[in-house]
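One letter stands for each residue in the lines below.
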Amino acid sequence: MTTGDNYLLADHPFLADLPQHWLQRLSVQAHPVVYQGGRRLFSERRPAERFWLLRSGRVALDLHVAGRGYVVIEWLDAGTVLGWSWLFPPFRWQFGAIAAEQTHAIEFSAAGVRRLVAEDAELGRELTTRCMSVVVDRLQASRTRLLDLYEYPAVTGP
């Protein structure tokens, strides 16, 4: 991305309020992409070599279930980040992802951003904290969906 495109990074909620010098360094590892609906972005257990900031469109996170095929476990919309496996060893996708409709995103090189993180511990801490927030949100959403699948009796008193 060019220096003039830094606003694309600064305007995204995932990178909101990052200092300009970090945005500048991250922009070197980024470029805009467009995926048509039906395009698979990645598959589970494959190397996590990229991640995306979604600007528009919708992406389905899925999981391959034997005998059932791909099962959607979550929908991601504009304003969120797609992919956190790139930051944590063994750098393999935990799920798959497919564009559900035309999706505009900013794609990052995972290896390039990992180099930046290795060079700048403060940037690394900030990105790790932001990614962990995404992981926690997704775990909470999964928990809620699982609870909706089962009817649990109410617990009364100690």
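Everything discussed here concerns the structure shown above.
Residues numbered from 1 in each chain as written. Predicted model: local features only at pLDDT ≥ 70, side-chain atom pairs only at ≥ 80, totals over all residues. Heavy atoms only, no water.

### Brief notes about the sheet that holds strand β3 (residues 50-56)
Overall, antiparallel pairing links the four strands, which are arranged β1-β8-β3-β6 in an open sheet. Since the sheet does not close on itself, it has two edges, and those belong to β1 (30-35) and β6 (81-82), each with one partner. Sheet analysis places β1 next to strand β8 (residues 103-109), joined by six bridges and oriented antiparallel. Bridged to V33 within β8 is A105. Across the sheet, helix α3 (residues 110-119) touches β3 and β8, and the angle it forms with β8 is around 55°. (Pairing = 2+ DSSP bridges. Helix = DSSP H or I, 4+ residues; strand = E, 2+ residues; numbered from the N terminus. Contact = heavy atoms within 4.5 Å. Axes fitted to C-alpha atoms, helices over the stretch in contact; angles between N-to-C directions.)

### Some thoughts on the pattern of salt bridges
Counted according to the given criterion, the structure contains eight salt bridges. Put simply, D17 and R130 hold a salt bridge, and the shortest N to O gap is 2.7 Å. Of this pair, D17 sits in the loop between α1 (6-10) and α2 (20-27) while R130 sits in helix α4 (residues 121-149), placing them 113 residues apart in sequence. On the accessibility criterion, D17 (69% relative accessible area) is exposed. (Salt bridge = Lys/Arg side-chain N within 4 Å of Asp/Glu carboxyl O. Buried < 20%, exposed > 50% of the residue type's maximum accessible area, 1.4 Å probe, protein only.)

### Looking at the pairing of β3
As paired strands, β3 and β8 are joined by six bridges and run antiparallel to one another. Note on β8: the bridge partner recorded for L53 is I106. Sheet topology note: the β3/β6 ladder contains two bridges and is antiparallel. Pairing of L53 across the sheet is with V81, part of β6.

Any functional reading would require information beyond the geometric quantities listed.
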